[in-house]
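A structural walkthrough
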Amino acid sequence: MLTIKRLDISEARLLIAGAAEKARDIGVPMCIAIVDESGNLIAFERMDGGKTSSVIIAQDKAFTAAAAKKATHDYNTVNVPGSLAFGIHTEVGGRISSVGGGLPVMVNGEVVGGIGLSSGTPQQDMDCAQAGLDFFAAQSA
């Protein structure tokens, strides 16, 4: 038997709260997705003004971060012509994202979920995702 650790809904809400606070601070309404360790959606918020195209993008970023156990921007650096990983974004039905803004959620060195943001620039999405992780860590300590 495997014992699997995953985020629960209250933890997902903490991640959203931290990310949304940063989004408000920078004045960019975001779409924020939280998934479990296998990439399945737990919670989602589209802030007022969040882009409609970002609804799915945020979910795909969170999926990638959790299921692949790595930040989406890490794929960005290798998803270039000539790289052995070029085309990774076409895998899993096109759900693998190589755009910054998806980060794995780690607890005690283990991936327990993912957070994905979309509506800003990739750097803004990344900053808000990190803010979600930081807020979560502060509340969990």
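These lines cover the structure that appears in this document, whether it is placed above or below. Bear in mind the structure is a predicted one, so any value in this text is a computation, not a measurement.

**Some details on the state of the cysteines**
Following the criterion strictly, the structure yields 0 disulfides and no others. Here C31 stays free of any disulfide, with the sulfur of C128 as its closest cysteine sulfur at 12 Å. On the basis of relative accessibility, which here comes to 0%, the residue C31 falls in the buried class. Residue classification places C128 among the buried positions, given a relative accessible area of 0%.

**Considering the sheet that holds strand 3 (residues 102-107)**
Strand order across the open sheet formed by 4 strands is 2-1-4-3, with antiparallel pairing between neighbours. Looking along the sheet, the strands with just one partner apiece sit at the ends: strand 2 (41-46) and strand 3. When the angles between neighbouring strand axes are averaged without regard to direction, this sheet yields 15 degrees. Pairing of strand 1 (residues 31-36) with strand 4 (residues 110-118) involves 6 bridges; the strand directions are antiparallel. Each bridged residue has a counterpart across the sheet, and for V35 the counterpart in strand 4 is G114. In this fold helix 1 (residues 9-26) packs onto strand 1, strand 2, strand 3 and strand 4, with an angle of close to 30 degrees to the strand it touches most, strand 2. Against the sheet, helix 2 (residues 54-67) makes contact with strand 1, strand 2, strand 3 and strand 4, and its axis sits at roughly 155 degrees relative to strand 4, the strand it touches most.

**Quick word on the pairing of strand 3**
Consecutive side chains along a regular strand alternate between the two faces of the sheet. Here strand 3 pairs with strand 4 via 6 bridges, running antiparallel. By the bridge assignment, P104 is partnered in strand 4 with G114. Counted along the chain from strand 3 to the antiparallel partner strand 4, the turn is 2 residues long, and its residue N108 has a positive phi close to 55 degrees.

**Concerning the pattern of salt bridges**
Evaluation of the coordinates by the stated rule reveals 4 salt bridges. Close ionic contact of R95 with D60 constitutes a salt bridge, the shortest N to O distance being 2.9 Å. You can see R95 sitting in the loop between helix 3 (72-78) and strand 3 and its partner D60 sitting in helix 2, a full 35 residues away along the chain. Given the relative accessible area of 28%, R95 is considered partly exposed.

**Some thoughts on the nonpolar core**
Counting residues in hydrophobic clusters, the biggest one holds 23 residues, and the most contacted among them are L15, M30, I32, I34, V105, I115 and L117. For this core, the secondary structure elements donating two or more residues are helix 1, strand 1, strand 3, strand 4 and helix 4 (122-140). Residues A33, V35, A58 and A62 belong to the second largest nonpolar core, which totals 6 residues.

Conventions and cut-offs
Position labels on residues start from 1 in each chain and follow its written sequence. Restriction of local features to residues with pLDDT of at least 70 applies here, the model being predicted, together with a cutoff of 80 or more for giving and counting side-chain atom pairs; totals for whole chains, interfaces and linings are based on all residues. Hydrogens and water molecules were not included; the side-chain quantities draw on all heavy atoms of the structure. Disulfide assignment relies on a single distance test, namely cysteine sulfur atoms paired within 2.5 Å. Working definition: with a 1.4 Å probe on protein chains only, accessible area under 20% of the residue-type maximum means buried, over 50% means exposed, and in between means partly exposed. Here, any two strands with at least 2 DSSP bridges between them count as paired. By definition, any uninterrupted DSSP run of H or I lasting at least four residues is a helix, any uninterrupted run of E lasting at least two residues is a strand, and each is numbered from the N terminus. Whenever a helix is involved, its axis is fitted only over the stretch in contact; in every case the axis is a line through C-alpha atoms, and angles between N-to-C directions fall within 0 to 180 degrees. Here, residues are in contact when the closest pair of their heavy atoms is within 4.5 Å. Within this document, salt bridges are pairs made up of a side-chain nitrogen of Lys or Arg and a carboxyl oxygen of Asp or Glu, the two lying within 4 Å of each other. The definition of a nonpolar core used throughout is a set of buried Ala, Val, Leu, Ile, Met, Phe, Trp, Tyr and Cys residues joined through side-chain atoms within 4.5 Å.

Any link to function would need more than the numbers given here.
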